[in-house]
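Observations on the three-dimensional arrangement
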Amino acid sequence: MMQDDLPKRCGKNKDGYRGESIDPDNILGQLEDQSKAKSWKTEHLRFGNTSRESLLFLESRDTHHQKRVLISGGIHGDEPATTAAIAQLILNAELPGAISYYVFPCLNPTGMRRGARENAEGSDLNRDYFKKQTNEVQTHLHKLEALPRFDLALHLHEDWEAAGFYLYELSKENTPAIYGRRILDQVGKVCPIELAEMIEGMPADRGLIHPRHRYLDRDDWPEAFHMMRHKTDHCLTLEAPSDFELNIRVKALITAVQTAIRIL
Ligand SMILES: [Zn+2]
């Protein structure tokens with residue numbers, strides 16, 4: 001399909017409009033109730049005093065196969081397509097089989113309830129994985145310590161400024177990107193790809209950002225840096241463009257996740 005035939009931008013963010021919000025408690029409640037019947041194990045990881053202050057964690061182990069995949073979303077509360085995509089992947093059984101999955105569908109529930117990027121205290125959780133000052137990140141890291149290494153980590157995001165979908169592929173120093181182009185080829189059938197040559201200050205090749213060197217050399221680590229240092233050799237940060245309808249962003253993220261796992 002040509003980019004011309006694909007869905008168009010909404011132009012929503014012009015007037016300070018911040019997009020559709022979803023009710024994370026409703027979606028996460030459904031996920032918790034209905035995933036058990038599909039042999040997922042669920043757990044609430046408390047990060048505060050009330051039961052609303054907890055991170056939902058889901059796990060589905062395939063004992064016959066060794067491949068392990070981590071999936072996370074909702075670390076920025078104004079990126080509802082990420083949690084919605086993860087819920088759909090699990091509830092509609094759209095994740096490829098014969099893999100063990102470890103899933104954090106919403107790492108920032110207090111932000112998502114308000115439709116805000118930051119948590120209730122105003123912290124950007126995805127800059128806290130080096131300093132580890134927030135309760136949410138400490139709780140997330142505590143759980144990660146108890147989990148094995150992953151063959152692949154997938155982090156779902158949205159970007160308000162992007163004209164199309166793009167992704168960051170992190171791999172071991174001086175190793176090639178092996179997922180990015182194939183994922184973008186598939187996502188490009190349902191959502192335009194961001195074609196800017198620079199994205200967030202980094203050189204991009206038709207939606208693919210593949211930083212090779214010294215990217216851990218800063219102290220505002222996103223989740224992906226922690227994963228690369230401690231939990232995996234391969235990490236993809238998937239960025240859906242917020243200025244498209246929610247169902248398009250969800251479809252784009254689902255396509256990216258499914259394609260990445262099939263390559264694995
Ligand atoms: Zn984000």
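Now for a look at the structure at hand. On a predicted model such as this, the values are computed, not experimentally measured, just so you know. (Residues numbered from 1 in each chain as written. Predicted model: local features only at pLDDT ≥ 70, side-chain atom pairs only at ≥ 80, totals over all residues. Heavy atoms only, no water.)

A short note on the packing of aromatic side chains
Tallying each qualifying case throughout the model produces six aromatic pairs. Ring geometry for F57 versus F104: centroids 4.9 Å apart, planes at 40°, classification tilted. Of the two residues, F57 sits in strand β2 (residues 54–60) while F104 sits in strand β4 (residues 100–104), which places them 47 residues apart along the sequence. Under the relative-accessibility criterion, F57 is labelled buried at 1%. Residue F104 is classed as buried on the basis of its relative accessible area, which comes to 0%. A connected cluster of aromatic rings, assembled from ring pairs, spans F130, W221 and F225. (Phe/Tyr/Trp six-rings, centres within 6.5 Å; stacked < 30°, edge-to-face > 60°. Helix = DSSP H or I, 4+ residues; strand = E, 2+ residues; numbered from the N terminus. Buried < 20%, exposed > 50% of the residue type's maximum accessible area, 1.4 Å probe, protein only.)

Things to note about the coordination of the zinc ion
Only H76 (ND1), E79 (OE), E79 (OE) and H157 (ND1) from the protein reach the zinc ion as donors, at distances of 2.1 to 2.3 Å. Coordination at the zinc ion comes from four donor atoms whose angles at the metal span 57 to 148°, giving a geometry best classed as irregular. On the basis of relative accessible area, E79 is assigned to the buried category, the value being 3%. (Donors = N, O, S within 2.8 Å, 3.2 Å for Na, K, Ca; no water. Tetrahedral: all angles 85-135°; square planar, octahedral: opposite > 155°, others 65-115°.)

Describing the side chain of E79
Relative to the helices and strands, E79 is located in the loop between β3 (68–72) and α2 (80–91). It turns out E79 is buried and unbridged, and the closest side chain with the opposite charge, R117, is 4.1 Å from it. Setting aside residues no more than four positions away along its own chain, E79 makes contact with M112, R117, L156, H157 and E158. (Lys, Arg positive; Asp, Glu negative; His and termini not counted. Salt bridge = Lys/Arg side-chain N within 4 Å of Asp/Glu carboxyl O. Contact = heavy atoms within 4.5 Å.)

Some words on the layout of surface pockets
Sizing a probe to match a water molecule and rolling it over the atoms shows the empty space that remains. Of the pockets and cavities examined, the second largest pocket occupies roughly 180 Å³. The wall of the second largest pocket is formed by 16 residues, among which K38, W40, S60, L95 and Y101 lie closest to the centre. Tallied by class, the residues present in the lining of the second largest pocket amount to nine nonpolar, three polar and four charged. (1 Å grid on protein atoms, 1.4 Å probe; cavity = no way out; pocket = protein on both sides within 12 Å on 5 of 7 lines; lining within 4 Å. Points joined across faces, edges and corners; volume = space filled by probe spheres on them. Nonpolar A, V, L, I, M, F, W, Y, C, P; charged D, E, K, R; others polar.)

Focus: α2
Helix length check: α2 (12 residues) gives 17 Å between terminal C-alpha atoms against 16 Å at 1.5 Å per residue, within 8%. Across the 12 residues that make up α2, a large majority, 11, are buried. (Expected span 1.5 Å × (residues − 1).)

No statement about biological role is implied by the geometric values presented.
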